[in-house]
Amino acid sequence: MRQVDTKKKTSIIRSLGLGLAVLVAMVIYGYGFQVTKVNLDETRSPRRQEQLVRILRALAKPDIIEYEREEFEVNAPILVPCPAGELTAPEPDRSGPYMILTPQCAEPQTNIRVEGFNFEPRTGGPIIFIPPSEVKLQMGTIETDESGHFEVTVELPKRPSEEVQYVRVITRRNVGAPHFTQTAKDTWDKIIETVFLALLATTIGTALAVPISFFTARNLMKDVRSPLASISLSILAWPAGIAIGIQVSRLVGGLTAVLSDNLALNIGSLFAGLVVAWLPMRWALPQEEIQRPTISLRLARLAALFVASLAAILSLFLLSKLVIELGNVLAVRFQFVRFLGTFITDLGEILAILITLIAALVGGAALSNSAGRLGQLLNTRLPNLARVSLNLLFTALAGATLMALSGAGIDWLYQIDDLSKTLWWPAGIGAVLAFGAALLIKEADTVPIGLVIYYISRTILNALRAIEPLIMVIVFAVWVGIGPFAGVLALSLHTIAALAKLYSEQVESILPGPLEAVTATGANRLQTIIYAVIPQIVPPYISFTMYRWDINVRMSTIIGFAGGGGIGFLLQQNINLFNYRAASAQMIAIAIVVASMDYLSSVMREKVV
Amino acid sequence: MLIIKNLTKIYEGGVLALDNVNFSVEEGQFLAVIGLSGSGKSTLLRCINRLIDPTQGQVIWNGLDITAASHEELRRIRRRIGMVFQQFNLVYRSTVLTNVLAGRLGYVNPAWSLINRFPKSDLEKARQQLQRVGIADKAYQRADELSGGQQQRVGVARAMMQDPEMVLADEPVASLDPVLAHSIMQYLEQINKEDGVTVLCSLHFLDLVHRYADRVVALNEGRLVFEGLPAEIDDKKFKEIYGKDAERVG
């Protein structure tokens, strides 16, 4: 009995709970209905329904194809009012469309019946009264059936006259072959713009997302550890290296200005530069090295590499000048490929910008790499006391540098203009913090710098991804003006953030075996990535890139709303003008592009995987 | 001469994989490492070239302390130690030739290998190694098009590209049928006998141990429980290594 009781109890509790759950659900959904302003009355109102039907019908008839239209008039004589004598109406010409009026004369403001024959089937138009003054007085509209017949009753206007007056029906009919509407042509232009906008954004985004994705892959970064001394020295060396790189490329760029005046001199020095770059590089980078090189040889190699990079920078600058020149010539001489000439000029200019950027990065990387090695050397070679004190010194300096740089960034953003607040205080605090950290970390211990970089880059990417391209495009439109270029930049930035995440997750899911095997051969980290990681990630990278292109096409419709160019601009205009037939054409264009990209990407994946 | 001194590895989470292991390997020896699955064989081999960093102890190879080597020194040590894996660990989407050439990555200048340029001598060497393991005609096929036995031969060729003084083979034949197993073991034997390369090979089957190994070390739950000649493993020793309930197969 007791058992039965408890069962009963639980079932009561359960049904009470169920009732409560239903009640809670009611409250939740009721509140949902209220805040989303669900309004069933509106959906039933005939006015709304009429509008809805109008829009749906407009959407169903995209404004793509039209015919030349011809107006076609049919006249029938009428006398208003009826004359005194006998009335003999002329027999209508029955070979074409004709109308019969009954009666053939009438008093003003009386009704007559108009019957039409042999008209175009299923067409319509106004029925008009034409007095002798040739003014058009519309009396109504007609609509023919499938045999081209109509019948209406219209009221004659108050226009009595002695002369013969006319009842006229104007119909329009399509003549000639169908052709594309202006909307269709505009849509075509803009969808091409959109596809290329998305293509450029995807290309730029992918090019930057690929290297970034390796820094945001945990499995690659978690083993990157370094002693504190080399990290501090690297941090100190980065800004210095970047400054040197920029300075050097500026100096060399100035030299280029002299050399590129004359075309022959330009080409000649380009070749000389390439040779000067190539030969020392071949010497300084032997293909294989069995013995460990001596210190003096390594220094000589460094010097040779420096000379080679100077020559390389020079050649690249000369090349960019040459390319710009070539583009200009093309654009002027060959008008029909003008866009190609402009493109080549742009390429040259992009190259010139990239040289400085690359020189800065290479300078920073090279200097910090050497500094890092120096740090490792110090860690192993120096006596204890010197090592500890140098360690503390370098770390404090690195901390001060980092904080001073962030202070400079903050100053730039907020315009504090107070050196003590933006430079000395942060530098001091940074030095003290880093000093403390250096005291805590034993100098033999390594710091997981890889994970630090991993978390920092992930955080930046997450922040970037959280900003919608719709907002980015507003900033870029301010910078480069409203148009597709602003859209390209905004979408590129967002693509970097989104793709880097997807890519790095692919890197994290590769087979660890090949990575292990290549590491075991003595390959360095970069070699391991190229020989063990990249072959494994090519197929997913391709499919993600294609998918991103697809996303970018769809996003660029939204981007256009905010001034990013592309088909979105057109779509927004037409929606605002209530021109739903045109908007429908644009939506169809987007759908076609998205569908064909899907097909294309599946074909490509099949080919590559 | 490879000397393992007090080697201990405790994984994150407190799993004791190696417990104070001591032994040494003469140059040119074929040493078999036996023990149950999970007894620490793979960990031991990986601690030697520091794919896994040991928690304590030393690995000293020809007077060089591998456990204390810096990053750069370690690369130079690793390139003289070939490794063969149970799962072959090939890069499946690359060609056989590229997989074999990857064995030279420790020698070639990183700058050149980034653009996939290897010296002509390395290409020649790669062909020779493929010839040696009998799959010269597969050089331009993708690695995943090969059968298991062929894949392991690529693995052996890759290890041999390193001009190794020592080869670590982590259960190289555990994924292969007995016929293929013998053919792979014969390559290892050839490397050992003809080129004088020291081989450390973990194995499951005792008949393979008897057939190929000069000496045997046995691990049980991370401890070294036997060190000696293959012939010395009698039934009593066997029970010590594999546990009371184990029965001999093969």
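Small disclaimer: the values here were computed from a predicted structure and weren't measured. (Residues numbered from 1 in each chain as written. Chains lettered and ligands numbered in written order. Predicted model: local features only at pLDDT ≥ 70, side-chain atom pairs only at ≥ 80, totals over all residues. Heavy atoms only, no water.)

Draft legend 1. Structural view of the interface of chain A and chain B. At the interface, 35 residues of chain A touch 41 residues of chain B. Taking both partners together, chain A and chain B bury about 3,300 Å²; carbon and sulfur atoms supply 55% of that area. Among the residues of chain A in contact with chain B, Gln287, Thr521 and Tyr531 of chain A are the three that bury the most area, contributing 22% of the side total. Here chain A is connected to chain B by 1 salt bridge. With a closest N to O distance of 2.3 Å, Glu516 of chain A and Arg46 of chain B form a salt bridge. Here chain A is connected to chain B by 11 residue pairs in polar contact (both at pLDDT 80 or more). Listing elements by their share of the side of chain A that touches chain B, those giving two or more residues are helix 7 (263-284), helix 15 (512-520) and helix 16 (525-559) of chain A. Element by element, the count of residues in the side of chain A that touches chain B is highest for helix 16 of chain A, at 9 residues. Split by residue class, the side of chain A that touches chain B holds 20 nonpolar, 8 polar and 7 charged. (Contact = heavy atoms within 4.5 Å. Buried area = accessible area lost by both parts, 1.4 Å probe. Salt bridge = Lys/Arg side-chain N within 4 Å of Asp/Glu carboxyl O. Polar contact = N/O pair within 3.5 Å; in protein donor to acceptor, adjacent residues only side chain to side chain. Helix = DSSP H or I, 4+ residues; strand = E, 2+ residues; numbered from the N terminus. Nonpolar A, V, L, I, M, F, W, Y, C, P; charged D, E, K, R; others polar.)

Draft legend 2. Seen up close, the sheet that holds strand 8 (residues 198-202) of chain B. Residues and elements named next belong to chain B. One open sheet holds the 6 strands; their spatial order is 6-7-8-3-9-10, and the pairing between them is mixed. Strands with a single pairing partner mark the edges of an open sheet, and in this sheet they are strand 6 (81-84) and strand 10 (223-228). Strand-to-strand, the axes of this sheet are offset by a mean angle of 15°, without reference to chain direction. Where strand 7 (residues 166-170) meets strand 8, 5 bridges bridge the pair, whose relative direction is parallel. (Pairing = 2+ DSSP bridges. Axes fitted to C-alpha atoms, helices over the stretch in contact; angles between N-to-C directions.)

Draft legend 3. Inspection of the state of the cysteines at higher detail. Residues and elements named next belong to chain A. Under the criterion given, the structure shown has 1 disulfide over all chains. The residue that forms a disulfide with Cys82 is Cys105, at a sulfur-sulfur distance of 1.8 Å. When the S-S torsion is 95°, as for the bridge of Cys82 with Cys105, the disulfide is right-handed. Taken together, the residues span a long stretch of sequence, with Cys82 in the loop between strand 1 (65-78) and strand 2 (98-102) and Cys105 in the loop between strand 2 and strand 3 (111-117) at a distance of 23 residues. Residue Cys82 is classed as partly exposed on the basis of its relative accessible area of 33%. (Disulfide = S-S within 2.5 Å. Buried < 20%, exposed > 50% of the residue type's maximum accessible area, 1.4 Å probe, protein only.)

Draft legend 4. Molecular detail of the pattern of salt bridges. Residue and element names in this part refer to chain B. The full count for this structure, using the stated rule, is 25 salt bridges over all chains. Here Glu189 makes a salt bridge to Arg211, at a shortest N to O gap of 3.6 Å. Note that Glu189 is positioned in helix 7 (residues 178-194) and Arg211 in helix 8 (residues 206-212), a separation of 22 residues in sequence.

Draft legend 5. How the structure looks around the layout of surface pockets. Residue and element names in this part refer to chain A. In this structure, the second largest pocket occupies an estimated 1,000 Å³ of space. As for the second largest pocket, its lining consists of 23 residues, and the residues nearest its centre are Leu200, Ile204, Ile350, Phe485 and Val488. For the lining of the second largest pocket, the elements supplying multiple residues, two or more each, are helix 4 (182-215), helix 9 (338-381) and helix 14 (484-508). Among the elements that take part in the lining of the second largest pocket, helix 9 stands out by supplying 11 residues, more than any other. (1 Å grid on protein atoms, 1.4 Å probe; cavity = no way out; pocket = protein on both sides within 12 Å on 5 of 7 lines; lining within 4 Å. Points joined across faces, edges and corners; volume = space filled by probe spheres on them.)

Draft legend 6. Broad picture of the packing of aromatic side chains. Within the structure shown, the criterion is met by 9 aromatic pairs over all chains. Judged by centre distance (5.1 Å) and plane angle (70°), the ring pair of Phe119 of chain A and Phe150 of chain A falls under edge-to-face. Taken together, the residues span a long stretch of sequence, with Phe119 of chain A in the loop between strand 3 and strand 4 (124-130) and Phe150 of chain A in strand 6 (residues 150-155) at a distance of 31 residues. In this pair, the class of Phe119 of chain A matches that of Phe150 of chain A, namely buried. Considering the side-chain rings of Tyr503 of chain A and Tyr541 of chain A, the 3.8 Å spacing of their centres and the 10° angle between planes classify their relative orientation as stacked. Taken as a pair, Tyr503 of chain A in helix 14 and Tyr541 of chain A in helix 16 lie far apart in primary sequence, 38 residues in all. Here Tyr541 of chain A falls in the buried class, since its relative accessible area comes to 9%. Looking at Arg282 of chain A, its charged tip hangs above the ring of Trp112 of chain B, at a distance of 5.1 Å from the centre. (Phe/Tyr/Trp six-rings, centres within 6.5 Å; stacked < 30°, edge-to-face > 60°. Lys NZ or Arg CZ within 6 Å of the ring centre and 35° of its normal.)

That is the geometry; function is a separate question.
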